[in-house]
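What the coordinates show
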Amino acid sequence: MFGKHLFPGGVHPKEGKNGKAVNSGNAIVDMTAPARVVIPLSQHIGAPAKPIVKKGDHVLVGQVIGEAGGFVSAPVHATVSGTVDEIRPCLLASGLTVQAIVIDNDFKDEWIELKPCDHPETLSAKELQDLVREAGIVGMGGATFPTSVKITPGPGKVIEKLIINGAECEPYLTADHRLMIEQPNRIVDGVHIIMTALGVKEAVIGIENNKPDAIAAISQAASGLGGISVKGLPVSYPQGGEKQLIYAITRRQVPNGGLPIDVGVVVMNVGTVFAVDEAVRDGKPLVERITTVGGLVNNPGNYRVRIGTPISLLLDTCGGLQNGVKKILNGGPMMGMAINDLEIPITKGSSGILALGKESEEPAEGPCIRCGRCQRACPMKLSPYLMDLYIRNEQYENSEKLGVMNCIECGACTFVCPAKRMLTQSFKTGKRVITTRRKTQAEREKAQAEAVEKEKAAAKAEEKKED
Ligand code: SF4
Ligand code: SF4
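A brief look at the structure comes next. (Residues numbered from 1 in each chain as written. Chains lettered and ligands numbered in written order. Predicted model: local features only at pLDDT ≥ 70, side-chain atom pairs only at ≥ 80, totals over all residues.)

**Quick look at the overall build of the protein chain**
Per the secondary structure count, the protein chain includes 14 helices and 17 strands. Relative to its length of 467 residues, the protein chain is compact, with a C-alpha radius of gyration of 24 Å against a globular reference of 23 Å. Along the first, second and third principal axes, the C-alpha set of the protein chain runs to 80 × 60 × 50 Å. (Helix = DSSP H or I, 4+ residues; strand = E, 2+ residues; numbered from the N terminus. Rg over C-alpha atoms; globule rule 2.2 N^0.38 Å.)

**Observations regarding the site of ligand 1**
Cys-368, Cys-371, Cys-374, Tyr-385 and Cys-417 are the nearest of the 14 residues found near ligand 1. When contributions to the shell around ligand 1 are tallied by element, the ones reaching two or more residues are α10 (373-377) and α11 (384-392). Of the residues in the shell around ligand 1, the class split is 10 nonpolar, 1 polar and 3 charged. (Near = placed C-beta within 6 Å. Nonpolar A, V, L, I, M, F, W, Y, C, P; charged D, E, K, R; others polar.)

**A word on the site of ligand 2**
Not every one of the 16 residues close to ligand 2 is listed here, only the nearest: Cys-378, Cys-407, Cys-410, Ala-412 and Cys-413. The greatest single-element share of the shell around ligand 2, amounting to 3 residues, is contributed by helix α14 (residues 423-466).

**A short note on the pairing of strand β2 (residues 36-40)**
Burial runs high along β2: 4 of the 5 residues are buried. As judged from the 5 bridges shared by β2 and strand β8 (residues 97-105), these two strands associate in the antiparallel manner. Of the residues in β8, the one forming a bridge with Arg-36 is Asp-104. (Buried ≥ 20, exposed ≤ 12 C-beta atoms within 10 Å, placed from the backbone. Pairing = 2+ DSSP bridges.)

**A short note on the packing of helix α5 (residues 184-198) against helix α8 (residues 270-282)**
Closest axis-to-axis distance for the α5/α8 pair is 8 Å, and the angle between their directions is 80°. Looking at the two axes, α5 sits roughly perpendicular to α8. The residues of α8 that touch α5, namely those facing Arg-186, Ile-187, Asp-189, Gly-190, Val-191, Ile-193 and Ile-194, are Val-270, Val-273, Phe-274, Val-276, Asp-277 and Val-280. For the contact of α5 with α8, a count of residues per class yields 9 nonpolar, 1 polar and 3 charged. (Axes fitted to C-alpha atoms, helices over the stretch in contact; angles between N-to-C directions. Parallel < 35°, antiparallel > 145°, perpendicular 65-115°, else oblique. Contact = placed C-beta atoms within 7 Å.)

**Quick look at the nonpolar core**
Within the largest apolar cluster, 118 residues are counted, with the highest numbers of intra-cluster contacts made by Leu-162, Val-191, Ile-194, Ile-218 and Leu-314. Among all residues touching Leu-162, those that are not within four sequence positions of it are Val-191, Ile-194, Met-195, Leu-198, Val-200, Ala-203, Val-266 and Met-268. (Core = buried A, V, L, I, M, F, W, Y, C linked by C-beta atoms within 7 Å.)

**A closer look at the sheet that holds strand β9 (residues 161-166)**
The strand order β11-β10-β9-β12 describes an open sheet built from 4 strands, whose pairing is parallel. Each edge of the open sheet is held by one strand with a lone partner, namely β11 (228-233) and β12 (265-269). Strand-to-strand twist in this sheet, taken as the mean axis angle between neighbours without regard to direction, amounts to 25°. Sitting on the sheet, helix α6 (residues 212-222) touches β9, β10 (202-208) and β11, and the angle it makes with β11 is about 165°.

**As for unusual backbone geometry**
A cis amide bond links Tyr-237 to the next residue, Pro-238, at an omega of 5°. Within the element layout of this structure, Pro-238 appears in the loop between β11 and α7 (242-250). For Arg-370, which is not glycine, the phi torsion reads 55° and is therefore positive. Topologically, Arg-370 is positioned in the loop between β17 (352-356) and α10. Positive phi values are uncommon outside glycine, yet Lys-381 reaches one of about 55°. When you line up the elements, Lys-381 lands in the loop between α10 and α11. Among the residues examined, Lys-381 registers 13 C-beta atoms within 10 Å and is labelled partly exposed.

**A few points about the sheet that holds strand β1 (residues 29-30)**
Spatially, β1-β14-β13-β17-β15-β16 is the arrangement adopted by the 6 strands of the open sheet, whose pairing is mixed. Each edge of the open sheet carries a strand with a single partner, namely β1 and β16 (337-339). Sheet contacts for helix α4 (residues 175-182): β13 (288-295), β14 (301-306) and β17; angle to β13, the most-contacted strand, approximately 125°.

**Quick word on the environment of Pro-184**
Looking at the element boundaries, Pro-184 is found in helix α5. Of the residues examined, Pro-184 has 20 C-beta atoms within 10 Å and is grouped as buried. Not counting the four nearest positions on each side in its chain, Pro-184 is found in contact with Ala-217, Ile-218, Gln-220 and Ala-221.

**So, the environment of Pro-116**
With respect to the helices and strands, Pro-116 occurs in the loop between β8 and α2 (125-134). Among residues more than four places away in sequence, those in contact with Pro-116 are Arg-281, Asp-282 and Gly-283.

**Remarks on the packing of α4 against α8**
Geometry of a packed helix pair, given as the angle between the helix axes and the separation of the axes. Two numbers describe how α4 lies on α8: the axes approach to 9 Å, and their chain directions differ by 45°. It follows that α4 is oblique to α8 by the angle criterion. Here Ala-175, Asp-176, Leu-179 and Met-180 of α4 come into contact with α8, specifically with Val-270, Gly-271 and Phe-274. Considered class by class, the residues forming the contact of α4 with α8 number 5 nonpolar, 1 polar and 1 charged.

**Quick notes on α6**
The complete set of buried residues in α6 reads Ala-214, Ile-215, Ala-217, Ile-218, Ala-221 and Ala-222. Summarising the contacts, the buried residues of α6 are in contact with β9, α4, α5, β10 and β11. Just beyond α6, the residue with positive phi is Gly-224, at close to 85°.

**Some words on the pairing of β9**
Of all 6 residues in β9, 6 are buried, a share of seventy percent or more. Residues of β9 alternate between two faces, with Lys-161, Ile-163 and Asn-165 on one and Leu-162, Ile-164 and Gly-166 on the opposite face, all of them buried. With 6 bridges connecting them, β9 and β10 associate as parallel partners. Within the sheet, the bridge partner assigned to Ile-163 lies in β10 and is Val-204. Where β9 and β12 come together, 5 bridges link them in parallel fashion. From the neighbouring strand, Ile-163 faces β12, where its bridge partner is Val-267.

Quick look at the structure:
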């Protein structure tokens, strides 16, 4: 129906000679914990965590240092043992500044007492959800939505299928690929645990066909276990997008503005599943993650990094940068964010750090020639050139009518545009303006409603006085 793709649109970004082919063969390496970690209290979607330590406190690895700030939130844990030096603002790769807890490492690597569980099958769904919540796990593919919320379906919500995202469709990134090759049994075990927590009988692990070794390893680990299957997927970007993956595997379409749960599905990244397995089986909170370091670095690879490690130190561990670096990205080349400050820390969502050369330079924009390529590439069936036109003319309501809020910012349209139009950037701006306007409008309406209520109350009080 969609040619070689299993979803509408999609592109095939080419990788330079430093792409996946280099890193997929590099086994995961443990990076030495740094002398100082900077652990942001907001590394997830939802309310920031609230600090529960103060300057001078001694902390152990895995100790909660920030409590979840609400239901949609996640706690954060100390990732080294040592002393809390300060709580201060910290810049994130997203450009936001949030509060962070700074810990000086005592290099004793003393952990809290972990409480392993040899028989997760004996735990109730609620007990599993609580363990995942306490471990601070969030979507590790980059979305950073708190996992405990995902595995706690609200009343009336029926989940039929769990989909595991092993597509890793962005060029250069190989952290998930390596994890699938090196830890297939633990990933499959984690899938079982999540199936129990959700009460579902079927799980499908989707992996792009350019990772035959990962498909073989996961298929082998899942063989003989009922309910878990592996599906090889055509290589196409953004195959790992939540809506695209659901459609490719189930042919169900998540409605605009809706969630996977609206079509009876929960989607989780393989890195998240592995973290769930560690949390439940070993009692280990989320204190580290696998991050790909690629591009123009001397020793590219896949590194197990303590959360809060400055990116500069990770790059040093990789032997430093080569000549010709024009841009450092946090994330993949399609959706990653350019960063200028290398003291930004690795967070729960840091799937990759890329040092890119000339290929990342942005050429001058030309006028739109109405070729329609952007429209054909869009996996959300949007009209990028028209939305862009409206946004540039500040006609945000028209771009909203065309569905700009459904744009997943995948970058496919920008990638194919022969005029090098900065389409995705334009949609990010448009969405931000529309969101701010909606918020302002909602606040205005609330203030008006409150004023009317006040007037009514005053009038009533006046009436009473007259009586
Ligand atoms: S791909 Fe570029 S040039 Fe072609 S229609 Fe879209 S915006 Fe215009
Ligand atoms: S960035 Fe948005 S508009 Fe462009 S292809 Fe992706 S979803 Fe479509």
